[in-house]
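This is what each chain is made of:
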Amino acid sequence: MLFRSDIARMNELLIQLRDKGNTVLVVEHKPEAIGIGDHVVDLGPKAGTEGGEVVFEGTYDELRKADTLTGRHLDDRASLKDEVRTATGAIEVRGASTHNLRDVDVDIPLGVLTVVTGVAGSGKSSLIHGSVADRDGVVVVDQAAIKGSRRSNPATYTGLLEPIRKAFAKENGVKPALFSANSEGACPTCNGNGVVYTELGIMDTIATECETCEGKRFNAEVLEYQLGGRDISEVLGLSVSDAEAFFSPDGDAPVPAAHKILVRLRDVGLGYVKLGQPLTTLSGGERQRLKLAVNMGQKGEVYVLDEPTTGLHLADVEQLLGLLDRLVDAGRSVIVIEHHQAVMAHADWIIDLGPGAGHDGGTVVFEGTPADLVSTRKKTLTGQHLAEYVR
């Protein structure tokens, strides 16, 4: 994700491309980028099965007045916190010189929400990944792509399928392996893919629904076994929100281990995603949040999140902030590398790197609370942009 001043430079390039006679299509959540569009197309009304429709077409100003989820959040602004948490200690960084860092000395407070910011290339990631990430007790959620084939899905990637398989096996007195489409329970015709792939030489491969299992991926014997009134294919067809209710203590099939994972998936805003949905169908932002949910289950004292708002709609940022608060309130220290002003405003402590990028960066230009940063806005680009954003 780009800093606001970086977005302005990117916008200039996009406008230059358009003015040279090109057609430019941009997929974006940031209002600053949406605002330069000559024509805006808004899809929704929500995500997943609740989306997929064009809910608005027109200009940016018309979108601001439109009653869509995007339109209602375009003018969102954050308030500075009345009180910030008090640090319980600090991670001492001394003489950091990774990449463009200039022998940086900085104390990163513990027990609070710390946001590390600055323009793109200022040294944020170099500081945190080079001097903090490898320490004991630190859990890192970076932007590396998650691995997984078209057979992988949220249930397999998060480990959710394991307690579900065991619950099915215990309920029906059979082996857990039967309830994996990658193992003994797979449909023999499609090998558990749910579709049959036909190679057409130089043409694209065609995928058609398996006629034997009708896309359910499992053989007929396995589909006779049920848990809470559902077979395994029906469970994998549930959304995260519906599955959370299904496996909850008061649900049709209480499975505490599965419910715990589902709560994390819901907390990162993936309540609409189906458990058996192929990873290849998820957007970059959805895959990032899926990775975040998995890492939230790791035991650690310090969590490092690298630009967690990447791919998030404006309406989802508030939910992310609630998740960060719950982590800190549970006794963790959270360090977020981020450009989003709403995250900065919500921080207990800000470390701002700069003043510029590359050779012009690599130094700490500010340390303090968001309120202090706003009051010194003339001294840093971050302070200036944050002051313009907050109420």
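Residues numbered from 1 in each chain as written. Predicted model: local features only at pLDDT ≥ 70, side-chain atom pairs only at ≥ 80, totals over all residues. Heavy atoms only, no water.

K.L.:
Quick question: what am I supposed to make of the sheet that holds strand β10 (residues 333-337) here?
P.N.:
Strand pairing in a sheet is mediated by backbone hydrogen bonds. Such pairs are either parallel or antiparallel. Here we have six strands laid out as an open sheet, ordered β6-β9-β10-β5-β11-β12, and mixed in their pairing. In the strand order of this sheet, the two ends are held by β6 (138-141) and β12 (363-368), each with one partner. Across the sheet, the axes of successive neighbouring strands diverge by a mean angle of 15°, strand direction being ignored. When strand β11 (residues 349-354) meets β12, the two strands line up antiparallel, connected through five bridges. Looking at the pairing, G354 lines up with T363 of β12. Here helix α11 (residues 284-295) sits on the sheet and contacts β6 and β9 (302-306); the angle it forms with β6, its principal contact strand, is near 165°. Helix α12 (residues 314-329) contacts β5 (113-117), β9 and β10 of the sheet and is inclined by roughly 145° relative to β10. (Pairing = 2+ DSSP bridges. Helix = DSSP H or I, 4+ residues; strand = E, 2+ residues; numbered from the N terminus. Axes fitted to C-alpha atoms, helices over the stretch in contact; angles between N-to-C directions. Contact = heavy atoms within 4.5 Å.)

K.L.:
How do you make sense of the environment of S183 when you look at a structure like this?
P.N.:
Structurally, S183 is set in the loop between α7 (161-172) and β7 (195-200). Relative accessible area serves as the criterion here: at 35%, S183 is assigned to the partly exposed category. (Buried < 20%, exposed > 50% of the residue type's maximum accessible area, 1.4 Å probe, protein only.)

K.L.:
Quick question: what am I supposed to make of the nonpolar core here?
P.N.:
Nonpolar side chains in soluble globular proteins tend to end up buried together. Within the largest apolar cluster, 70 residues are counted, with the highest numbers of intra-cluster contacts made by I164, I232, F247 and L275. It is α12 that contributes the most residues to this core, seven residues altogether. Aside from chain neighbours lying at most four places away, what touches I232 is I164, F168, F179, F218, V222, L223 and Y225. By size, the runner-up hydrophobic cluster in this structure holds 18 residues, among which are L101, V302, I337 and I351. (Core = buried A, V, L, I, M, F, W, Y, C linked by side-chain atoms within 4.5 Å.)

K.L.:
What is the right way to read α7 from this model?
P.N.:
Counting along an α-helix, one turn takes 3.6 residues, and residues three or four places apart therefore face a common direction. For α7, with 12 residues, the first-to-last C-alpha span of 16 Å sits near the 16 Å given by 1.5 Å per residue. The secondary structure elements touched by the buried residues of α7 are α6 (154-157), α8 (232-236), α9 (240-247) and α10 (256-267). Within two residues after α7, G173 carries a phi angle of roughly 65°, on the positive side. (Expected span 1.5 Å × (residues − 1).)

K.L.:
What's the story with the side chain of D325 in this structure? I'm lost.
P.N.:
Inspection of the secondary structure puts D325 in helix α12. Residue classification places D325 among the buried residues on the basis of a relative accessible area of 18%. Here the side chain of D325 touches R85 through a polar contact of 3.0 Å, side chain to side chain. Beyond its immediate sequence surroundings of up to four residues, D325 is in contact with R85 and H346. (Polar contact = N/O pair within 3.5 Å; in protein donor to acceptor, adjacent residues only side chain to side chain.)

K.L.:
What is the right way to look at the pattern of salt bridges in this model?
P.N.:
Opposite charge on two side chains allows them to pair when their charged atoms are near. Overall, the coordinates contain 16 salt bridges when judged by the stated rule. In this structure, R85 and D325 form a salt bridge, with 3.0 Å as the shortest nitrogen-oxygen distance. Here the residue R85 occupies a position in the loop between α4 (69-73) and β3 (89-96), and D325 occupies one in helix α12, the gap between them amounting to 240 residues. In this structure, D329 engages R85 in a salt bridge whose closest nitrogen and oxygen atoms are separated by 3.3 Å. Residue D329 is found in helix α12, and its partner R85 is found in the loop between α4 and β3; the two are separated by 244 residues along the sequence. Its relative accessible area of 59% is what places D329 among the exposed residues. Classification of R85 as partly exposed rests on a relative accessible area of 23%. A network of salt bridges, in which partner residues are shared, links K81, R85, D325, D329 and D348. (Salt bridge = Lys/Arg side-chain N within 4 Å of Asp/Glu carboxyl O.)

K.L.:
Quick question: what am I supposed to make of the layout of surface pockets here?
P.N.:
Once rolled over the atoms, a probe with the size of a water molecule shows which space is left empty. In this structure, the second largest pocket encloses a volume near 520 Å³. Lining the second largest pocket are 26 residues, with D76, R77, H340, A342 and Y389 positioned closest to its centre. Among the secondary structure elements, those contributing two or more residues to the lining of the second largest pocket are α2 (31-34), α12, α13 (341-346) and α15 (381-389). Sorting elements by how many residues they give to the lining of the second largest pocket places α12 first, with five residues. The residue inventory of the lining of the second largest pocket, partitioned by class, reads 11 nonpolar, five polar and 10 charged. (1 Å grid on protein atoms, 1.4 Å probe; cavity = no way out; pocket = protein on both sides within 12 Å on 5 of 7 lines; lining within 4 Å. Points joined across faces, edges and corners; volume = space filled by probe spheres on them. Nonpolar A, V, L, I, M, F, W, Y, C, P; charged D, E, K, R; others polar.)

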